[in-house]
Amino acid sequence: SVRLEDVKRGFESMPWVRHANVRRVWPNGLVVSIEEQKPFGTWGGPDSHTLMNTHGEIFTGRVSEVSDDVRLVDFRGPDDSGKEVMSLYEKASNWFKPWGAEVTSLALTERYAWNVKLSNGMRVEFGRDEESSDKNLTEERVARLFKYWPQVQEKWANRIDAVDLRYANGFAVHLASASVKKSEVDGKKSEQKQ
(Lines give C-alpha, C1' and ligand atoms only; values in the text may rest on other atoms or scores of the structure.)
Protein backbone atom coordinates (compact mmCIF):
# COMPACT_ATOMS: atom_id res chain seq x y z
CA SER A 1 0.00 0.00 0.00
CA VAL A 2 3.03 2.28 0.09
CA ARG A 3 3.29 5.02 -2.58
CA LEU A 4 6.41 4.39 -4.67
CA GLU A 5 6.97 8.10 -5.35
CA ASP A 6 7.12 8.81 -1.58
CA VAL A 7 9.68 6.04 -1.07
CA LYS A 8 11.74 7.33 -4.01
CA ARG A 9 11.70 10.91 -2.62
CA GLY A 10 12.66 9.58 0.82
CA PHE A 11 15.77 7.85 -0.54
CA GLU A 12 16.73 10.81 -2.75
CA SER A 13 16.58 13.18 0.23
CA MET A 14 19.42 11.25 1.90
CA PRO A 15 23.00 12.55 1.60
CA TRP A 16 25.10 10.91 -1.14
CA VAL A 17 22.05 9.57 -3.03
CA ARG A 18 21.73 11.06 -6.53
CA HIS A 19 18.84 8.97 -7.86
CA ALA A 20 16.72 6.15 -6.57
CA ASN A 21 14.48 3.76 -8.51
CA VAL A 22 11.76 1.89 -6.67
CA ARG A 23 9.59 -0.87 -8.11
CA ARG A 24 7.18 -3.42 -6.72
CA VAL A 25 7.90 -7.15 -6.69
CA TRP A 26 4.88 -9.41 -6.42
CA PRO A 27 3.38 -10.27 -3.95
CA ASN A 28 4.64 -7.92 -1.21
CA GLY A 29 8.16 -6.65 -1.93
CA LEU A 30 10.02 -3.59 -3.12
CA VAL A 31 13.27 -3.42 -5.09
CA VAL A 32 15.28 -0.22 -4.63
CA SER A 33 18.28 0.66 -6.76
CA ILE A 34 20.37 3.68 -5.78
CA GLU A 35 22.83 5.78 -7.78
CA GLU A 36 25.45 7.23 -5.45
CA GLN A 37 26.77 10.79 -5.82
CA LYS A 38 30.23 10.93 -7.41
CA PRO A 39 31.98 13.98 -5.94
CA PHE A 40 34.02 16.04 -8.37
CA GLY A 41 34.66 19.20 -6.40
CA THR A 42 33.93 21.29 -3.37
CA TRP A 43 31.40 24.09 -3.65
CA GLY A 44 32.21 27.24 -1.70
CA GLY A 45 35.61 26.18 -0.39
CA PRO A 46 37.20 23.08 1.12
CA ASP A 47 35.60 23.73 4.54
CA SER A 48 32.11 23.85 3.04
CA HIS A 49 29.66 20.97 3.53
CA THR A 50 28.58 21.30 -0.07
CA LEU A 51 30.03 19.28 -2.94
CA MET A 52 29.48 19.19 -6.69
CA ASN A 53 29.11 15.96 -8.65
CA THR A 54 30.31 15.13 -12.15
CA HIS A 55 27.01 16.42 -13.61
CA GLY A 56 27.37 19.91 -12.11
CA GLU A 57 24.76 19.19 -9.44
CA ILE A 58 25.28 20.50 -5.91
CA PHE A 59 24.73 18.14 -2.98
CA THR A 60 25.35 18.02 0.76
CA GLY A 61 28.41 16.08 1.85
CA ARG A 62 31.68 16.40 3.72
CA VAL A 63 35.16 16.41 2.22
CA SER A 64 36.22 14.01 4.99
CA GLU A 65 33.77 11.42 3.59
CA VAL A 66 35.48 11.49 0.17
CA SER A 67 38.10 8.86 -0.61
CA ASP A 68 41.69 10.11 -0.28
CA ASP A 69 42.52 9.12 -3.86
CA VAL A 70 39.89 11.55 -5.27
CA ARG A 71 41.29 15.01 -6.08
CA LEU A 72 38.52 17.57 -5.69
CA VAL A 73 38.41 20.79 -7.71
CA ASP A 74 37.47 23.93 -5.76
CA PHE A 75 34.34 25.52 -7.29
CA ARG A 76 32.58 28.74 -6.30
CA GLY A 77 29.61 30.50 -7.82
CA PRO A 78 26.14 31.92 -7.34
CA ASP A 79 23.33 29.62 -6.21
CA ASP A 80 22.00 27.39 -9.00
CA SER A 81 25.04 27.97 -11.26
CA GLY A 82 26.56 24.49 -10.85
CA LYS A 83 25.87 23.33 -14.40
CA GLU A 84 27.27 26.55 -15.87
CA VAL A 85 30.37 26.29 -13.67
CA MET A 86 30.89 22.69 -14.83
CA SER A 87 30.56 23.80 -18.46
CA LEU A 88 33.17 26.54 -17.93
CA TYR A 89 35.44 24.02 -16.20
CA GLU A 90 35.26 21.65 -19.17
CA LYS A 91 36.10 24.49 -21.59
CA ALA A 92 39.05 25.69 -19.52
CA SER A 93 40.36 22.14 -19.01
CA ASN A 94 40.44 21.60 -22.77
CA TRP A 95 42.09 24.97 -23.41
CA PHE A 96 44.98 24.39 -21.00
CA LYS A 97 45.70 20.73 -21.83
CA PRO A 98 48.45 21.77 -24.28
CA TRP A 99 50.24 23.46 -21.36
CA GLY A 100 50.07 20.27 -19.32
CA ALA A 101 48.18 22.23 -16.65
CA GLU A 102 44.97 21.21 -14.93
CA VAL A 103 42.29 23.49 -13.53
CA THR A 104 42.42 23.25 -9.72
CA SER A 105 39.79 25.88 -8.96
CA LEU A 106 37.14 27.87 -10.80
CA ALA A 107 35.20 30.82 -9.44
CA LEU A 108 32.16 32.45 -11.03
CA THR A 109 31.19 35.80 -9.50
CA GLU A 110 27.70 37.20 -8.97
CA ARG A 111 28.27 39.30 -12.13
CA TYR A 112 29.26 36.12 -14.01
CA ALA A 113 32.91 37.04 -14.45
CA TRP A 114 35.06 33.95 -13.97
CA ASN A 115 38.62 32.92 -13.28
CA VAL A 116 40.57 29.71 -12.91
CA LYS A 117 43.65 28.65 -11.02
CA LEU A 118 45.89 26.12 -12.75
CA SER A 119 48.01 23.31 -11.32
CA ASN A 120 51.15 25.30 -12.23
CA GLY A 121 50.03 28.01 -9.76
CA MET A 122 48.97 30.56 -12.36
CA ARG A 123 45.59 32.33 -12.21
CA VAL A 124 43.73 33.26 -15.41
CA GLU A 125 41.01 35.96 -15.33
CA PHE A 126 38.37 35.65 -18.04
CA GLY A 127 35.87 38.33 -17.10
CA ARG A 128 32.26 37.94 -18.14
CA ASP A 129 31.42 35.55 -20.93
CA GLU A 130 29.55 37.70 -23.40
CA GLU A 131 27.68 34.80 -24.95
CA SER A 132 24.86 36.95 -26.32
CA SER A 133 27.08 39.30 -28.32
CA ASP A 134 29.83 36.97 -29.54
CA LYS A 135 30.06 33.30 -28.63
CA ASN A 136 33.69 33.06 -29.73
CA LEU A 137 35.01 36.08 -27.81
CA THR A 138 36.57 34.12 -24.94
CA GLU A 139 38.00 31.49 -27.28
CA GLU A 140 39.60 34.24 -29.40
CA ARG A 141 41.21 35.70 -26.28
CA VAL A 142 42.57 32.31 -25.26
CA ALA A 143 43.89 31.75 -28.80
CA ARG A 144 45.64 35.14 -28.60
CA LEU A 145 47.22 34.12 -25.29
CA PHE A 146 48.57 30.89 -26.77
CA LYS A 147 49.83 32.70 -29.86
CA TYR A 148 51.91 35.19 -27.87
CA TRP A 149 52.72 32.99 -24.88
CA PRO A 150 56.20 31.91 -26.15
CA GLN A 151 57.23 35.60 -26.31
CA VAL A 152 55.88 36.21 -22.81
CA GLN A 153 57.72 33.14 -21.48
CA GLU A 154 60.93 34.23 -23.19
CA LYS A 155 60.80 37.63 -21.48
CA TRP A 156 59.53 36.70 -18.00
CA ALA A 157 60.12 32.93 -17.72
CA ASN A 158 58.58 31.53 -14.53
CA ARG A 159 57.81 34.84 -12.80
CA ILE A 160 54.21 35.03 -14.07
CA ASP A 161 51.59 34.89 -11.33
CA ALA A 162 48.41 35.72 -13.27
CA VAL A 163 47.10 36.49 -16.75
CA ASP A 164 44.15 38.79 -17.34
CA LEU A 165 42.22 38.08 -20.57
CA ARG A 166 39.50 40.70 -20.03
CA TYR A 167 40.97 43.13 -22.55
CA ALA A 168 39.56 43.42 -26.07
CA ASN A 169 42.88 43.75 -27.90
CA GLY A 170 45.40 41.99 -25.68
CA PHE A 171 46.04 40.57 -22.25
CA ALA A 172 47.81 41.66 -19.08
CA VAL A 173 50.47 39.67 -17.25
CA HIS A 174 50.97 40.00 -13.50
CA LEU A 175 54.46 39.16 -12.31
CA ALA A 176 54.94 37.56 -8.90
CA SER A 177 57.74 39.96 -7.96
CA ALA A 178 55.90 43.02 -9.36
CA SER A 179 53.94 43.52 -6.13
CA VAL A 180 57.18 43.94 -4.14
CA LYS A 181 58.58 46.43 -6.64
CA LYS A 182 55.28 48.34 -6.75
CA SER A 183 55.27 48.77 -2.96
CA GLU A 184 58.86 50.00 -3.11
CA VAL A 185 57.87 52.55 -5.79
CA ASP A 186 54.84 53.67 -3.76
CA GLY A 187 57.08 54.08 -0.72
CA LYS A 188 59.55 56.23 -2.68
CA LYS A 189 56.70 58.37 -4.06
CA SER A 190 55.37 59.03 -0.56
CA GLU A 191 58.89 59.94 0.65
CA GLN A 192 59.25 62.45 -2.19
CA LYS A 193 55.86 64.08 -1.38
CA GLN A 194 56.88 64.75 2.24
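Refer to the structure printed above.
The structure presented is a predicted model; accordingly, all values stated were derived computationally and were not measured. (Residues numbered from 1 in each chain as written. Predicted model: local features only at pLDDT ≥ 70, side-chain atom pairs only at ≥ 80, totals over all residues. Heavy atoms only, no water.)

Student: Lay out the side chain of N115 with the relevant residues and their values.
Tutor: Of note, N115 is situated in strand β8 (residues 113-118). Non-local contacts of N115, meaning those with residues more than four positions away in its chain, are made with S105, L106, A107, R123, V124, E125 and F126. (Helix = DSSP H or I, 4+ residues; strand = E, 2+ residues; numbered from the N terminus. Contact = heavy atoms within 4.5 Å.)

Student: Talk me through the pairing of strand β6 (residues 73-76); I want residue IDs and the actual numbers.
Tutor: Pairing of strand β3 (residues 39-43) with β6, which is carried by three bridges, proceeds in the parallel orientation. Counted as the bridge partner of G41 is V73 from β6. As judged from the three bridges shared by β6 and strand β7 (residues 103-108), these two strands associate in the parallel manner. Counted as the bridge partner of D74 is S105 from β7. The handedness of the β6 to β7 crossover, carried by helix α2 (residues 82-96), is left-handed. (Pairing = 2+ DSSP bridges. Right-handed = clockwise from strand over helix to strand, strands pointing away.)

Student: Could you give me a rundown of a nonpolar patch on the surface, with the residues and numbers involved?
Tutor: Judged by side-chain polarity, V2, L30, V32 and I34 come together as a nonpolar surface patch covering roughly 280 Å² of accessible area. Position of V32 among the secondary structure elements: in strand β2 (residues 29-36). Look at V32 and you get partly exposed, because its relative accessible area is 32%. (Patch = residues over 30% accessible without salt bridge, like charges linked within 9 Å, V, L, I, M, F, W, Y side chains within 5 Å. Areas by Shrake-Rupley, 256 points an atom, 1.4 Å probe, with all protein chains shown as cover. Salt bridge = Lys/Arg side-chain N within 4 Å of Asp/Glu carboxyl O. Buried < 20%, exposed > 50% of the residue type's maximum accessible area, 1.4 Å probe, protein only.)

Student: Tell me about the nonpolar core, and name the residues and values.
Tutor: Within the largest apolar cluster, 30 residues are counted, with the highest numbers of intra-cluster contacts made by F96, W114, V116 and F126. Elements that contribute at least two residues to this core include exactly β6, α2, β7, β8, β9 (123-128), α3 (137-156) and β10 (160-164). The greatest single-element share of this core, amounting to seven residues, is contributed by α2. When near neighbours in sequence (up to four residues on either side) are disregarded, F126 contacts W95, F96, W114, N115, V116, T138, R141, V142, L165 and R166. (Core = buried A, V, L, I, M, F, W, Y, C linked by side-chain atoms within 4.5 Å.)

Student: Could you give me a rundown of the sheet that holds β3, with the residues and numbers involved?
Tutor: Spatially, nine strands are ordered β5-β4-β3-β6-β7-β8-β9-β10-β11 in an open sheet, and the strand pairing comes out mixed. Of all strands in the sheet, those bounded by a partner on one side alone are β5 (58-60) and β11 (172-175). Neighbour-to-neighbour, the strand axes of this sheet turn through a mean angle of 25°, independent of strand direction. Examined bridge by bridge, strand β4 (residues 50-53) and β5 share three bridges and lie antiparallel to one another. Within β5, the position partnered with L51 by the bridge is F59. Sheet contacts for α2: β3, β4, β5, β6, β7, β8 and β9; angle to β7, the most-contacted strand, approximately 135°. Packed on one face of the sheet, α3 meets β8, β9, β10 and β11 and runs near 150° to β10. (Axes fitted to C-alpha atoms, helices over the stretch in contact; angles between N-to-C directions.)

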